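# Commentary on secondary and tertiary structure
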Amino acid sequence: MRSRTTAAAAGLVGLAATAELMLRRSRPRTTYGRYADWLHPGGLPARPLQALANSRAARAACERFPVPAMVSDITDVVYVNYVVPAARLLPLVPAGLRLQRVGPGREWAVFTFLTYRHGHLGPPMFGRLRQLLPSPVQTNWRIYVVDPHTGHAGVHFVTTAVDRPAHALGARLFCEALPMHLLRRAAVGAAGDATVGLVLDPGLGSGPDAEALLTFAPAPADGPWRSAFATYQDMVKYVVPQDRALSVQAWHPRVTRQEIRLDLTPGDCLPLTGPVRSRAARAIVGDAEPFSFYVPEVTLRFDSEEHYRLPLGSPPPGDLPPGGPTLGGPPLDGSSASG
């Protein structure tokens, strides 16, 4: 009897290993995105958790479950933005999506990472019980894209990270659009009457790094955004209403669309000035200068996640077709374009 049980267990282990190997062929390792390697900040002692986070079989099983609606009363939102030559961001665009270009001649594109403190993230059905839930710090690193098949405009997350292990692992396994990593330490918020501090410390992990001490300032008449936007207000109007996340699962093949509401207006955004130090950002944007702004508080609502199949023969990643959104132009479908 014991030998039969041992043989059955060995068989199951063999099947799981075979499934993992097959899925790794269809879902290969990537530099950015959901299949970038997940490294725990704690190093070797966290190997079991790291193995689960990197398992293709685990994520394939979890993606079958629907993602529930979520709400969070977030605070201390710091947007750090860069205008870079569009060609620099093209390698980050997954096949099936197109990069939004901005500025004269559509030569530029925007890269943003925003960091904020959650306010009791959880399902709205929890009501007042949601106040018992934790409030981790999260950072989302994103490019601006359009799905040319549907006209939906939004953002594509290059990487995301959070400072709570349970949130990092849960999002990693269940959320298609969030390539979530774990930070050793994160902090964001007022560092004085006139300053805002930001720290993203990945430790030995795979999360992105950043450090800044930023000062409130009047809306500038000039800045690094000027090559793509006529005014500071034009830049804010472009960056802020991006309330949709788009990702591609080539192995199905399909696009996942997540609808997120922030209900921000340009008037909610307070200009910041000061340097930002980040090796992770420099690897993406090179020597581009950052420009930042701050939102004291806003309610984040994750409303829905939908999937739809990519048409056969979808073209490789690249630019928007002629007539796509440019400076100050609306998304192709006329709606707002994720937090």
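Read on for a plain summary of the structure. In this text the structure is predicted, and so the values were computed from the model without any measurement. (Residues numbered from 1 in each chain as written. Predicted model: local features only at pLDDT ≥ 70, side-chain atom pairs only at ≥ 80, totals over all residues. Heavy atoms only, no water.)

Among the surface-exposed residues, Met-125, Phe-126, Leu-129 and Leu-132 lie close enough to one another that they form a single nonpolar patch of about 510 Å² accessible area. Among the secondary structure elements, Leu-132 is positioned in the loop between strand 3 (108–117) and strand 4 (137–146). (Patch = residues over 30% accessible without salt bridge, like charges linked within 9 Å, V, L, I, M, F, W, Y side chains within 5 Å. Areas by Shrake-Rupley, 256 points an atom, 1.4 Å probe, with all protein chains shown as cover. Salt bridge = Lys/Arg side-chain N within 4 Å of Asp/Glu carboxyl O. Helix = DSSP H or I, 4+ residues; strand = E, 2+ residues; numbered from the N terminus.)

Let's shift gears to the packing of aromatic side chains. For the coordinates displayed, the defined rule picks out 10 aromatic pairs. Judged by centre distance (4.1 Å) and plane angle (10°), the ring pair of Phe-113 and Trp-141 falls under stacked. With Phe-113 in strand 3 and Trp-141 in strand 4, this pair connects stretches of sequence that are 28 residues apart. Both residues of the pair, Phe-113 and Trp-141, count as buried. Between Tyr-144 and Tyr-238 the ring centres are 5.3 Å apart and the planes differ by 45°, which places this aromatic pair in the tilted class. Taken together, the residues Tyr-144 in strand 4 and Tyr-238 in helix 6 (residues 232–239) connect sequence positions 94 residues apart. In this structure Tyr-144 comes out as buried when scored by relative accessible area, which is 1%. Members of the aromatic cluster, each reached through a chain of ring pairs, are Tyr-82, Phe-111, Phe-113 and Trp-141. (Phe/Tyr/Trp six-rings, centres within 6.5 Å; stacked < 30°, edge-to-face > 60°. Buried < 20%, exposed > 50% of the residue type's maximum accessible area, 1.4 Å probe, protein only.)

What follows covers the side chain of Arg-130. Mapped onto the elements of the fold, Arg-130 is located in the loop between strand 3 and strand 4. Under the relative-accessibility criterion, Arg-130 is labelled buried at 9%. Polar contacts involving the side chain of Arg-130 include one to the main-chain carbonyl oxygen of His-120, which spans 2.8 Å. Filtering out sequence-adjacent residues up to four positions away, Arg-130 remains in contact with Val-71, Ser-72, Asp-73, Gly-119, His-120, Gly-122 and Pro-123. (Polar contact = N/O pair within 3.5 Å; in protein donor to acceptor, adjacent residues only side chain to side chain. Contact = heavy atoms within 4.5 Å.)

Two side chains with opposite charge may pair up if their charged atoms get near one another. This structure, assessed with the given rule, holds 15 salt bridges. Its salt-bridge partner being Glu-63, residue Arg-27 comes within 3.1 Å of it at the nearest N-O pair. Separated by 36 residues along the polypeptide, Arg-27 in the loop between helix 1 (2–26) and helix 2 (47–54) and Glu-63 in the loop between helix 3 (56–62) and strand 1 (70–85) bring together distant segments of the chain. The same class applies to Arg-27 and to Glu-63, which are both buried. Taking the shortest distance from any N to any O, the salt bridge between Arg-34 and Glu-176 comes out at 3.1 Å. Placement of the pair is Arg-34 in the loop between helix 1 and helix 2 and Glu-176 in the loop between helix 5 (165–174) and strand 6 (180–182), with a sequence separation of 142 residues. The exposure class assigned to Arg-34 is buried, which follows from its relative accessible area of 7%. Taking the relative accessible area as the measure of exposure, Glu-176 reaches 5% and is therefore buried. One continuous salt-bridge network, built from bridges that share partners, spans Arg-27, Arg-34, Glu-63, Glu-176 and Arg-254.

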